[in-house]
Amino acid sequence: MKRICVVLGSRANYSSIKSAMSAIQDHPDLELQVIATASTLLGRYGVAADLVEADGFHINARVHMIIEGETPHTMAKSTGLGLLELPSVFEQLQPDFVLTVGDRFETMATTVAAAFMNIPLVHTMGGEVTGTIDESIRHAITKFAHVHFPASPDARDRILKLGEKAEDVHLVGCPRVDLVKEVLDSKESLDSLWLKKGVGAPFDPNQPFLLVSQHPVTTEFGCGETQILETLEAVKDIGMQAIILWPNADAGSEEIAKGVRKWREAGKADNMHFFKNLPTDIYIRLMDRTSCLVGNSSSGIREGAYIGTPVVNIGSRQDGRERGKNVLAVNNFKKDIRDAVDAQIAHGKYDMDPIYGDGKAGERIADIMSSKTVNIQKRITY
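Residues numbered from 1 in each chain as written. Predicted model: local features only at pLDDT ≥ 70, side-chain atom pairs only at ≥ 80, totals over all residues. Heavy atoms only, no water.

### Points about the sheet that holds strand S2 (residues 30–37)
Taken together, six strands build an open sheet; the order of strands is S3-S2-S1-S4-S5-S6 and the sheet is parallel. Looking at which strands have only one partner, the edges of the open sheet turn out to be strand S3 (61–63) and strand S6 (147–149). Between one strand axis and the next, the sheet turns through 25 degrees on average, direction left out of account. Of the strand pairs in this sheet, S2 and S3 are connected by three bridges, and their pairing is parallel. Residue pairing in the sheet places Thr 37 in a bridge with Val 63 of S3. In the packing of helix H6 (residues 133–144) onto the sheet, contacts are made with strand S4 (97–101), strand S5 (121–124) and S6, and the angle to S5 comes to roughly 145 degrees. Most of the contacts of helix H14 (residues 361–370) go to S6, to which it runs at about 165 degrees, and overall it touches strand S1 (2–8), S2, S4, S5 and S6. (Pairing = 2+ DSSP bridges. Helix = DSSP H or I, 4+ residues; strand = E, 2+ residues; numbered from the N terminus. Axes fitted to C-alpha atoms, helices over the stretch in contact; angles between N-to-C directions. Contact = heavy atoms within 4.5 Å.)

Here is the structure:
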């Protein structure tokens, strides 16, 4: 039986691999191992590790690796701390494969640790283009990885152009779309009790609302507070009730959090309700019902294309990433954001666009891994 070790670093990271974790756990020839790291363990980000366990997964190890501050300096140190701690866990668990997701700093630590320990590395969601340091991390991981599970045809083609062998590159789709399909197919109603757990103004899910998810841009460190305040001003001007989500743990997170706190303390949040974290199914149902998703989260591009969510994507964080007609891109100025949101509200929901898969990525990943043997001496052609 092959041991597949999945390393989780954030709530988005978890939703990006959850369906594959379920398929691996249920597969007769595979054993799932889970390591929770970084912001999955921190209260100010909602302790996503608790959601992992509530979903029925056993966490084999917890690795604390976040150094307080969320600056470029601390993000580099946090990566190093992860690289110090993860080898000991890998030595204990003895995985046959380490599976890492996407492009975050904890993903880089996971990658280097596995590579130096001669553990075959599996990478999902590689090959994509974006506008920040995430792209550099993503492509670097591609060159370390032995098995690739890209989410879109364009990403697959880019991995092949980077010199990876065709037999190691498997176009499976995005596991996050699997969750969207599962949630929407269930036809269950939105859990209104969960929506009372945040803070701020009362929220009525039966009335039109905006959904705001904005994260720091690491290459624009120092601009986060100004950027989120422009977004909040635009949302306030529109006048529709809004759910505001907490940023992720990248460098600059504290700037955005500070902007949100200042906004609330100034008494400007009369139409806004705030959450540190939301279960994946709640977030998907909110995306399905929102008048517009505002911010720079990749969920607007990935899940949004499948759902048909009207999206206003702000700034450079997602530059270059494949997107559907549901996305309007704007800069970080209030008027441009407001005008784009007004246009998306007027348009309404879009048709489904399966850029990132059909909802079966997790099953494909487990099936492929069950038959996969990899020589860690990679054959690379340039």
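Past the structure itself, the notes keep going.
### Focus: the sheet that holds strand S13 (residues 327–330)
One open sheet holds the seven strands; their spatial order is S7-S10-S9-S8-S11-S12-S13, and the pairing between them is mixed. Each edge of the open sheet carries a strand with a single partner, namely strand S7 (199–200) and S13. With four bridges connecting them, strand S12 (residues 311–314) and S13 associate as parallel partners. Within the sheet, the bridge partner assigned to Val 312 lies in S13 and is Leu 328. Sitting on the sheet, helix H9 (residues 224–238) touches strand S8 (209–213), strand S9 (241–245), strand S10 (272–275), strand S11 (292–295) and S12, and the angle it makes with S8 is about 175 degrees. Here helix H13 (residues 334–347) sits on the sheet and contacts S8, S11, S12 and S13; the angle it forms with S13, its principal contact strand, is near 170 degrees.

### Considerations on the pattern of salt bridges
Here the structure, examined in full by the defined rule, presents 24 salt bridges. One salt bridge connects Arg 321 with Glu 128, and the closest N-O pair in it is separated by 2.8 Å. Residue Arg 321 is located in the loop between S12 and S13, and its partner Glu 128 is located in the loop between S5 and H6; the two are separated by 193 residues in the primary sequence. The exposure classification of Arg 321 matches that of Glu 128, with both residues buried. (Salt bridge = Lys/Arg side-chain N within 4 Å of Asp/Glu carboxyl O. Buried < 20%, exposed > 50% of the residue type's maximum accessible area, 1.4 Å probe, protein only.)

### Observations regarding the nonpolar core
Ranked by internal contacts, the top residues of the largest apolar core, which has 59 residues, are Met 21, Leu 99, Leu 286 and Met 369. Setting aside chain neighbours within four positions, we find Met 21 in contact with Val 6, Leu 8, Tyr 14, Leu 32, Val 34, Val 52 and Phe 57. (Core = buried A, V, L, I, M, F, W, Y, C linked by side-chain atoms within 4.5 Å.)

### A word on the pairing of S4
Most of S4 is tucked away, with five of its five residues classed as buried. A two-sided burial pattern is seen for S4, the buried positions comprising Phe 97, Leu 99 and Val 101 on one face and Val 98 and Thr 100 on the other. Of the pairings in the sheet, the one linking S1 to S4 comprises three bridges and is parallel in character. Bridged to Ile 4 within S4 is Phe 97. Relative to S5, S4 is paired through four bridges, and the arrangement is parallel. Opposite Thr 100, over in S5, you have His 123 as the bridge partner. What joins S4 to S5 is helix H5 (residues 105–116), and the crossover it makes is right-handed. (Right-handed = clockwise from strand over helix to strand, strands pointing away.)

### Some remarks on the pairing of S5
Burial along S5 is two-sided: Leu 121 and His 123 and Val 122 and Thr 124, pointing in opposite directions, are all buried. With three bridges connecting them, S5 and S6 associate as parallel partners. Directly across from His 123, in S6, lies its bridge partner His 148. Tracing the backbone out of S5, into H6 and back to the parallel element S6 gives a crossover that is right-handed.

### Structural notes on unusual backbone geometry
Positive phi values are uncommon outside glycine, yet Ala 38 reaches one of about 50 degrees. Tracing the backbone shows Ala 38 in the loop between S2 and helix H3 (48–54). Positive phi, normally seen in glycine, also occurs at Asn 118, with a value near 60 degrees. Within the element layout of this structure, Asn 118 appears in the loop between H5 and S5.

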